[in-house]
Structure formats: C-alpha cells, structure tokens
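Structural overview
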Amino acid sequence: MRVRVRELIAVAHASGRSDGIFVDRDIPSIIVEKPKSEEFGDFSTNLAMLLAPIEKKKPRDIAVLLTERISADERVEKCEIAGPGFINIFLKESYWTGLLSEIIELGPDFGKHESNGKRVQVEFVSANPTGPLHIGHARGAAVGDALCRVLEAAGFDVTREFYINDAGMQVVRLGESVELRRRELNGEKIELGENHYKGDYIIDIARAYQKALDDSKSDPSPEAARDFAVQAMLGIIKGDLAAFGVEFDTWQSERDLDAKIIDAIDELKDKGHVKNEDGAVWLKTEALGDDKDRVLEKANGERTYFASDIAYHREKIRQGFDQIVDIWGADHHGYEARVRAAMQALGFDDSLFSVIFIQMVSLLRDGKPVQMGKRSGDFVSLKQVLDEVGSDACRFFFLMRKSDAQLDFDLELAKKEASENPVYYVQYCHARICSLIAHAADKGAVISKAPNDQLLKNLVSRDDLDLIKRLSLFEDVIIKSSEVMEPHRVTYYLQELAGAFHSYYNKNRVVSDDPDLTGARLQLCGAVKTVIRNGLTILGVSTPEKM
RNA sequence: GCGCCUGUAGCUCAGUUGGAUAGAGCAUCGGCCUCCGAAGCCGAGGGUCGGAGGUUCGAAUCCUCUCAGGCGCACCA
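One numbering rule holds for all chains: residues counted from 1, following each sequence as written. Labels follow written order: the first chain is A, the first ligand is 1, and so on. Thresholds applied to this predicted model are a pLDDT of at least 70 for local features of residues and 80 or more for the giving and counting of side-chain atom pairs; totals over whole chains, interfaces and linings are not thresholded and use all residues. Note: side-chain values were computed over all heavy atoms of the structure, leaving out hydrogens and water.

1. Here's the deal with the overall build of chain A
Going along the chain from the N terminus, every DSSP run of H or I of four or more residues is numbered as a helix, and every run of E of two or more is numbered as a strand. Scanning chain A for helices and strands turns up 19 helices and 15 strands. Along the first, second and third principal axes, the C-alpha set of chain A runs to 85 × 65 × 40 Å. Whether two residues are in contact is decided by their heavy atoms, any of which lying within 4.5 Å being enough. For chain A, restricting intrachain contacts to residue pairs at least 6 apart in sequence, the fraction spanning at least 24 positions comes to 72%. Residue exposure ignores everything except the shown protein chains as possible cover, and the areas themselves are Shrake-Rupley values with a 1.4 Å probe. Summing over all exposed atoms, chain A offers an accessible surface of approximately 25700 Å²; the carbon and sulfur share of this is 48%. Under the counting rule used here, the positive set is Lys and Arg, the negative set is Asp and Glu, and His together with the chain ends is not counted. Here the site of a charge means NZ on Lys, CZ on Arg, CG on Asp, or CD on Glu. The average position of the 72 basic charges and that of the 90 acidic charges among the side chains of chain A differ by 2 Å.

Structure (structure tokens):
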C-alpha cells in the first residue's frame, strides 16, 4: 500500500524535475507514513523537508510545488501542507473501495508479494540430538517458522534447515547413557555419571536399541549405541516439531561435514589466516573484529566445534543463497563475531549473513517459576506444553514479543480460554465473521465470493472506509516484518485488526433491511476474515470457524 | 574488567528504523445483550519514555557518559 503511494509521490516529483521546477538530482528515498491522526490524511510524506537542503528553498515552498502535482493524480481527493512542511495526502473513496475489491479478488493471496528472485536459508531449532525439545526450543521454532512464512509472503524462496550436532562429546555421552540403560534392562547394576542423560526417554531408546541388536544379531558397541541413539532422538525431535506444525526442508549432519572441515581449514591456511601456537591451530579472528583468536584444532588433534561451524557456513554460502539467517539462543551471542570473522577470512561478504537471537523463556505456572534442567530429566518438554496449552496458544505467545526480549511464559495464562488470552481475541474475530456470514445466508442475503464493485460503492461511511484502510496495511506489515525479520509485527497487526473489527461490528449493523448495504458490508467482513486468516496462517495459528 | 540484549502506565509489552497530542492488553472503576457470537464493545483514571548532556526544524528512537537487570567472555558443544 505504502509502496503505491510512494510511487505516486515519486511520479509527481519526477514530473516537476523534467519540467525544470526541481533540481535535476537524485533525491533521498521517499518516506511515506500513515499518520497517527486522521486529520493528517491517509498518508503523509516529509519529502519537502528532505528536499529543502537540495533545492535551497524553504520546505513549505517546496511542498506547495509538490502538492500541485500530487493533486493532479486522479486517485487523490486532496493534498494539504501542514506543520513544518509535511504533505498530507487524502485518497478518494473510490480508490479505497477499489482496493477492497482487489483484496477480495486475491483472497488467500492478498499479502503475498511476487517472487523477488532471492533465495534465503533460515537455520533454526538445531537442538542437540540428546533430548526432546523443550520450551526454549519451542520459541526458536515458532519464531523461525513464522519468519520463514513472512519471508515467503514477501517473495523470497525460503529453505528451512536444521543443523544436527551429531559430532563431539555430547553424542558420545548420549550413546553411553543408552548403553548403560540397556545393560540395566538386562539386569546389570549400573551407575550413571554426572554427564550422562537421565531422562526416561533414554530407557525407551535403550529398549529399542536392545531389540535392534537382537533383530540384527549384532554385538553392542559404543558407536552402534551412539548412532542408534542419535537416530532415535532425531525421530523424537521430528515428532515434536510435527506436533508444533514445523517442518524442515533440509537436515544437515555435522558429522557429514568432516571432509569439508579439512578443506575449509586448508583454505584458511592458504589465505594466511591461521597460526600455530601452544601446540594448537588457531584462526586469527582478532584482526577481523573478534575479541581474540580462536582454536580450530586442539593440541590433542581434535577439531573444535568452531572448525565445523566454519565449514558448515562455508557450505551454506557456496550453495548460492542470497541471504543466510541463523537463529540462535541468546546465550550464543558472543559467537557471532567469530563466525563473521571466519566468513571474512574466507573472502565472503558477511553482510548476507544475519543472526537472530532468541532470548530466554522463563516458564511459569501461576506466576511461579518452573525448574528446568536437561540432564536431570525433569525439564518441561515442548510436548508437555503442547499437550497442556495447545499449539495455537503456544505459537501466539512466542510471537507476541520481539525475539530478543526475555519472555515469561505462564502455562496457566496460556491455557485460559478467556479474554485475557489474546490468541482467542483474534481467533474469535474470525469465528464471529464466519457465523455472521452464515446468519446472513439464513436471512436470504446473497453472498458471493467474487467482488461486486457496484455493491461496494455503498461503502461510504467513515467506519466502512476506516476498516478498508486498515486491511490495506497488511501488505506493508508483511514487507516491513520481512525487512527487519520480526514476525511479531504480524501478531500486533492482527490484534489491532481484530480490535477494529469488533469495534466496527458493535457500532454498525451488517445484516440490515438495506440489501445493497448488507451485501457490501458482507463483502467487507469477508475481506476482514480473509486477512485474519492470511495473517494467522503466517503465524502458524489455526483459524477455527466456531469456538 | 570487556562485549551483547533489555529499562516506556500498577503489571506484561508495542511504538511504522528521526516526525505531528507517546499507544495496546491485563488489572482497577463505571456503563452496554427483547436485535447479526458479551471469548465482545464504550468510557474513566493512570507517563519526568531509567538518569544527565549532545546532534537539529523535530529525539522514546541517533551519539557520549551514567545507573539498574539479564546473558556471554573455553584447546565445551
């Protein structure tokens, strides 16, 4: 929406430029805003103020020249100058009803933008395969998945990737834990170490592992236990994600990168970014913005996690993505600088790389903190939360905050089917319109899915037009949300739209004695329903027709 | 000590990336169902935008300093 107005203004300026009224120079990008107060029009721009230094004239004088040309556009009702030089633009009613017609026509595609030809990879969750997903992972999953949907709507070609940390000590410990439990099942007395995983799921895996050994008549080994356990864990994780409605396109195993790690280190050596010190091999990241240099190969010959992460990101970039997004827990924020440094060392432009940090979730029950600890086995898993509060409320709660703010998640509040739970507020709006349309059909109103431009001309009241204007903002929200990679903006928009509709509904009779107005308003309400639906779908939240 | 994030209404948080009189929800108080869903609506109260300077036509937003909280500063992953 805003883009269209921006074009309108750009055309006005350009025509003045070719007529010699304005200095023939490139201008700063035009900023179009929706003013807070209606008296300032449907849209406003500060272009005149930005042009002042270039034109060497007073902003208000420039504004006069601009408004003359903007007013000439047939879509413009009037155009005013205000304050220090704001230009306020009012659009014609016919423009807005025309836009409503477009929304109805597009239906589920309203808010989706044409492909921009750019490929973006988003890596998220990437939980260690050593336990089921917990509530912290859930936030990353909700934000990551919603971000992907926002990016898709904005025209990106999106790949969702899960990185599997299946190398290193943690999965060795996982294998050991399973092996110990297997022996225990066979009657041995065992003792779990401090670093072993103690959740009940380990016993389930051990049982399955024993069965697999029996079936294949093979002997247990640390490697077999580890590999079996990792595969079993991935099965559990995929199940948890499926219950949450999250699917990945690609699953990248850390262990499969082994050969690439050597390549990457060799390349870094060739480029002169590597040094040997204290028996270890280091990457000189300090010169590239990191706090200090980092070890790639330990003195004992093992490679660090950082080394495989370099190879991992090198592979990502080599796949030709235009943008790469990593979603990490906020406790990893210190890690960003070294990854960027490594990218630069490899000769890549690290501006294609961005990291979104997901802050901690404090799980509460009735205001009191719930203890979590992965190894002790008494953590609250995603599955438990989903069983208790459901996927919709869970997703909505995680998308109500910007991701880099800490979040208190109260199980009892999320569970409440009451007004204090905002997810129902938005869903209720959708259900209410569904029922309204059904009611209208009972009363014999004609309901068509296609826009009826003749009918829509009846929408002339301020309330009708305001609702259309609010619908039109959806496009802008998607674009903005994708640009800054903040899906929570969609959540806020939907709450506002739902609020606007509820208010409209209480004030205005939709199904009335006037068949034309009834028909027109039903089309408007249908459009609200469409936008609520399109928005909730982006958040991964369902749109019930009855509640 | 260094770095990142966060300080906005009693509480939980938005704030269109510098714009016009700072906004929602919850909570509190007062209204609205003989009529399309009251999981709703209308109204009221409540603010030195943590603090102090600075940049300019204009600052919650940008810069510097400062205070408070969270999280990181591994040859762990």
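2. Comments concerning the layout of surface pockets
Empty space left among the atoms is revealed by rolling a probe the size of a water molecule over them. Cavity and pocket criteria rest on a 1 Å grid covering protein atoms alone: a 1.4 Å probe that fits but cannot get out defines a cavity, protein on both sides within 12 Å along at least 5 of 7 lines defines an open pocket, and an atom within 4 Å of a point defines a lining residue. Grid points are joined across faces, edges and corners, and a volume is the space filled by probe spheres set on the points. Estimates place the volume of the largest pocket at around 1300 Å³. Lining the largest pocket we find 44 residues, and of these Lys34, Pro35, Asp42, Lys469 and Leu473 sit closest to its centre. Taken together, the elements giving at least two residues each to the lining of the largest pocket come down to α1 (2-18), β1 (32-33), β4 (86-91), α4 (93-106), α17 (462-484) and α18 (488-507). A per-element tally of the lining of the largest pocket places α17 first, with 13 residues. Charged means Asp, Glu, Lys or Arg here, nonpolar means Ala, Val, Leu, Ile, Met, Phe, Trp, Tyr, Cys or Pro, and polar covers whatever is left, Gly included. Residue classes in the lining of the largest pocket are distributed as 17 nonpolar, six polar and 21 charged.

3. Here's the deal with empty space enclosed by the protein
Considering all chains together, one arrives at three cavities of 30 Å³ or more under this definition. By volume, the largest cavity is sized at about 40 Å³. In this structure, the largest cavity is lined by Phe306, Asp309, Ile310, His313, Val339, Ala342, Met343 and Leu346. Among the secondary structure elements, those contributing two or more residues to the lining of the largest cavity are α10 (305-318) and α11 (336-345). Looking at side-chain class alone, the lining of the largest cavity contains six nonpolar, one polar and one charged residues.

4. Here's the deal with the packing of aromatic side chains
Side-chain rings of Phe, Tyr and Trp (the six-membered ring for Trp) are treated as a pair once their centres are within 6.5 Å; stacked means planes under 30 degrees apart, edge-to-face means over 60, and tilted covers the remaining angles. Counted by the stated rule, this structure contains 19 aromatic pairs. Aromatic side chains Phe306 and Tyr335 sit 6.1 Å apart centroid to centroid with 80° between the ring planes, which places their arrangement in the edge-to-face category. You can see Phe306 sitting in helix α10 and its partner Tyr335 sitting in the loop between β11 (323-329) and α11, a full 29 residues away along the chain. Accessibility here uses a 1.4 Å probe with only protein chains present; expressed as a share of the type maximum, an area under 20% marks a residue as buried, one over 50% as exposed, and anything in between as partly exposed. The exposure class of Phe306 is buried, given its relative accessible area of 5%. A network of ring pairs unites the aromatic residues Tyr305, Phe306, Trp328, Tyr335, Phe353 and Phe357 as a single cluster. We note Lys275 situated over the ring of Trp282; from NZ or CZ to the ring centre the distance is 5.4 Å. A ring is scored as having a charge over it whenever the NZ atom of a lysine or the CZ atom of an arginine sits within 6 Å of its centre and within 35 degrees of its normal. Sitting above the plane of the Phe244 ring, Arg395 keeps its charged end 5.1 Å from the centroid.

5. Description of the pairing of strand β8 (residues 274-277)
For two strands to be treated as a pair, DSSP must find no fewer than two bridges joining them. The sheet contact formed by β8 and strand β9 (residues 280-283) spans four bridges and is antiparallel. In the strand pairing of β9, Lys275 is matched with Trp282. Following β8, the chain reverses through two residues before pairing antiparallel with β9; Asp278 in that reversal takes a positive phi of roughly 50°.

6. A closer look at the protein's contact with RNA strand B
The criterion for a residue being near a molecule or strand is simple. One of its heavy atoms has to lie within 4 Å of it. Among the 61 residues in the neighbourhood of RNA strand B, the closest are listed as Lys298, His333, Arg401, Tyr428 and Arg432. Backbone atoms, meaning sugar and phosphate, make up 60% of the atoms of RNA strand B lying within 4 Å of the protein. Polar contacts here mean pairs of N or O atoms no more than 3.5 Å apart (in protein, one a potential hydrogen donor and the other a potential acceptor; neighbouring residues in sequence count only if both atoms are side-chain atoms). A distance of 2.8 Å separates a sugar or linking oxygen of RNA strand B from a polar backbone atom of Asp404. Between His439 and RNA strand B, the recorded distance is 3.5 Å, taken from a side-chain N or O atom to a sugar or linking oxygen. Residue contributions to the surface near RNA strand B peak at eight residues, all from helix α15 (residues 422-442). Taken together, the residues that form the surface near RNA strand B break down as 23 nonpolar, 18 polar and 20 charged.

7. Observations concerning the side chain of His502
The topology assignment puts His502 in helix α18. One polar contact links His502 to Arg432, side chain to side chain, over a distance of 2.9 Å. With sequence-adjacent residues up to four places away left out, His502 is seen in contact with Tyr425, Tyr428, Cys429 and Arg432.

8. Structural notes on the nonpolar core
Counting 134 residues, the largest nonpolar core has Val122, Phe244, Phe398 and Phe409 as the members making the most contacts within it. Sequence-distant contacts of Phe244, that is, excluding residues within four places in its chain, are made with Ala138, Ala141, Ala142, Leu382, Leu386, Ser391, Cys394, Arg395 and Phe398. The set of buried Ala, Val, Leu, Ile, Met, Phe, Trp, Tyr and Cys residues whose side-chain atoms join them within 4.5 Å is what this entry labels a nonpolar core. If you look at the next biggest cluster of nonpolar residues, it comprises 30 residues, including Leu257, Ala345, Val355 and Phe357.

9. Here we look at unusual backbone geometry
The phi dihedral of Lys217 falls on the positive side, at around 50°, and the residue is not glycine. Residue position: Lys217 is located in the loop between α7 (200-216) and α8 (222-243). Overall, Lys217 belongs to the exposed group, its relative accessible area being 75%. Despite not being glycine, Met485 has its phi angle at roughly 55°, a positive value. Within the secondary structure, Met485 is located in the loop between α17 and α18. The exposure class of Met485 is buried, given its relative accessible area of 14%.

10. Looking at the pattern of salt bridges
The working definition used for a salt bridge is a side-chain nitrogen of Lys or Arg within 4 Å of a carboxyl oxygen of Asp or Glu. Across all of its chains, the model carries 37 salt bridges by this definition. The residue Glu475 makes a salt bridge to Arg4 at a minimum N-O spacing of 2.9 Å. Here Glu475 is found in helix α17, whereas its partner Arg4 is found in helix α1, with 471 residues between them in sequence. Arg318 serves as the salt-bridge partner of Glu315, at 3.8 Å between the closest nitrogen and oxygen. Of this pair, Glu315 and Arg318 both sit in helix α10, separated by three residues, roughly a single helical turn. Counted as one network, the salt bridges with shared partners bring together Asp145, Arg149, Glu152, Arg160 and Arg395.

11. Details of the packing of α17 against helix α19 (residues 515-539)
How two helices pack is summed up by the angle between their axes together with the distance between the axes. Following both chains from N to C, one finds α17 and α19 inclined at 25°, their axes separated by 11 Å at the closest point. Relative to α19, the element α17 is oriented roughly parallel. The element α17 and its partner α19 pack so that their crossing is left-handed. Of the residues in α19, those in contact with Asp464, Leu467, Ile468, Leu471, Phe474 and Ile478 of α17 are Arg521, Leu524, Ala527, Val528, Val531, Asn534, Gly535 and Ile538. For the contact of α17 with α19, the per-class residue count stands at 10 nonpolar, two polar and two charged. Lines fitted to C-alpha atoms define the axes here, with helix axes fitted over just the stretch in contact, and angles between the N-to-C directions of these axes take values from 0 to 180 degrees. Here is the rule for angles: anything less than 35 degrees is roughly parallel, anything more than 145 is roughly antiparallel, 65 through 115 is roughly perpendicular, and the remaining ranges are oblique. If you view the pair so one helix is near and one far, a crossing is left-handed when the near helix is turned anticlockwise from the far one by less than a right angle, and right-handed when it is turned clockwise.

12. Describing the sheet that holds strand β10 (residues 294-297)
If you trace the three strands from one edge of the open sheet to the other, you get β8-β9-β10, paired in antiparallel fashion. Both edges of this open sheet fall to β8 and β10, since each of them pairs with a single strand only. When strand polarity is set aside, the average angle formed by the axes of neighbouring strands in this sheet is 45°.

Bear in mind that shape data such as this cannot, by itself, settle questions of function.
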